[in-house]
Amino acid sequence: QVQLVESGGGLVQPGGSLRLSCAASGSIFSINVMTWYRQAPGKQRELVASIATGGRTNYADSVKGRFTISSFNAQNTVYLQMNSLKPEDTAVYYCNARSLDNENWGQGTQVTVSS
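Residues numbered from 1 in each chain as written. Predicted model: local features only at pLDDT ≥ 70, side-chain atom pairs only at ≥ 80, totals over all residues. Heavy atoms only, no water.

**Student:** Would you take a moment to explain the nonpolar core for this structure?
**Tutor:** A general tendency of soluble globular proteins is for nonpolar side chains to be buried together. Counting 29 residues, the largest nonpolar core has Met34, Trp36, Leu80, Met82 and Tyr93 as its most contacted members. Elements with a contribution of two residues or more to this core: β1 (2–7), β3 (18–26), β4 (33–39), β5 (46–52), β7 (67–69), β8 (77–82), β9 (91–98) and β11 (109–113). Here Met34 is in contact with Leu4, Cys22, Ala49, Ser50, Ile51, Ile69, Phe72, Val78, Cys95, Asn96 and Ala97, once residues within four sequence places are set aside. (Core = buried A, V, L, I, M, F, W, Y, C linked by side-chain atoms within 4.5 Å. Buried < 20%, exposed > 50% of the residue type's maximum accessible area, 1.4 Å probe, protein only. Helix = DSSP H or I, 4+ residues; strand = E, 2+ residues; numbered from the N terminus. Contact = heavy atoms within 4.5 Å.)

**Student:** Would you explain the side chain of Asp89 in this entry?
**Tutor:** With respect to the helices and strands, the residue Asp89 is situated in the loop between β8 and β9. For Asp89, a relative accessible area of 1% gives the class buried. Not counting the four nearest positions on each side in its chain, Asp89 is found in contact with Arg38, Arg66, Phe67, Ser84, Val111 and Val113.

**Student:** I would appreciate a short explanation of the pairing of β4 in the present structure.
**Tutor:** Successive residues of a regular strand alternate their side chains across the two faces of the sheet. Within β4, five of the seven residues are buried, which leaves it mostly tucked inside the rest of the structure. In this structure, β4 lies alongside β5, joined through six bridges in antiparallel fashion. Bridge pairing links Met34 to Ile51 in β5. Between β4 and β5, which pair antiparallel and follow one another directly, the connecting turn spans six residues, one of which, Gly42, has a positive phi of 75°. Sheet topology note: the β4/β9 ladder contains seven bridges and is antiparallel. Within the sheet, the bridge partner assigned to Trp36 lies in β9 and is Cys95. (Pairing = 2+ DSSP bridges.)

**Student:** What is the right way to look at the sheet that holds β1 in this model?
**Tutor:** Either a parallel or an antiparallel arrangement is found when strands of a sheet pair, and the pairing is made through backbone hydrogen bonds. Pairing in this open sheet of four strands is antiparallel, and the strands run β1-β3-β8-β7 from one edge to the other. Strand pairing shows two members of the sheet lacking a second neighbour, β1 and β7, which therefore form its edges. Averaged over all pairs of adjacent strands, the angle between strand axes in this sheet comes to 15°, irrespective of strand direction. For β7 and β8, the ladder comprises three bridges, and the chain directions are antiparallel. Looking across to β8, one finds that Thr68 is bridged to Gln81. (Axes fitted to C-alpha atoms, helices over the stretch in contact; angles between N-to-C directions.)

**Student:** Help me understand unusual backbone geometry, please; the structure alone is not making it clear to me.
**Tutor:** What is expected of a backbone is that most residues other than glycine have negative phi and most peptide bonds are trans. Of note in the backbone geometry, Ser84 takes a positive phi value of approximately 50° without being a glycine. Looking at the element boundaries, Ser84 is found in the loop between β8 and β9.

**Student:** How should the packing of aromatic side chains be read in this particular structure?
**Tutor:** Here a ring pair, both rings aromatic, is described through the centre-centre distance and the interplanar angle of the planes. Summed over the entire model, instances satisfying the criterion amount to two aromatic pairs. Here Tyr94 and Trp105 contribute two aromatic rings whose centre-to-centre distance is 6.4 Å and whose plane-to-plane angle is 85°, an arrangement assigned as edge-to-face. Of this pair, Tyr94 sits in strand β9 while Trp105 sits in strand β10 (residues 103–105), and the two are 11 residues apart along the sequence. Owing to a relative accessible area of 15%, Tyr94 belongs among the buried residues under this scheme. Classification of Trp105 as partly exposed rests on a relative accessible area of 34%. Taken together, the ring pairs connect Tyr37, Tyr94 and Trp105 into an aromatic cluster. The ring of Trp105 has Arg45 lying over it, and the distance from NZ or CZ to the ring centre is 4.6 Å. (Phe/Tyr/Trp six-rings, centres within 6.5 Å; stacked < 30°, edge-to-face > 60°. Lys NZ or Arg CZ within 6 Å of the ring centre and 35° of its normal.)

Okay, structure coming up:
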């Protein structure tokens, strides 16, 4: 099992930046892919960005050029750097860790983009 704790959400004005953190613990050696998802009110959860153990990244079209996902650092933390934020980026952001036979979710962190 992998435990995930997200942090870094908050209220930011349009055009601003936030950096989300996802701290992983437990069986982190089994993780193949780390993914950030988000879910806005009344909408389905959607993939935002992912990074595989080999470093390959994938981004939703809506965030390409604005968001950057990092690989694990020495503190077993994955970041999502979010720049040029828009009101439509408002959502609860979730961290997901996937291994061959399991996946784990964090509790989510709220991001609100509003003036």
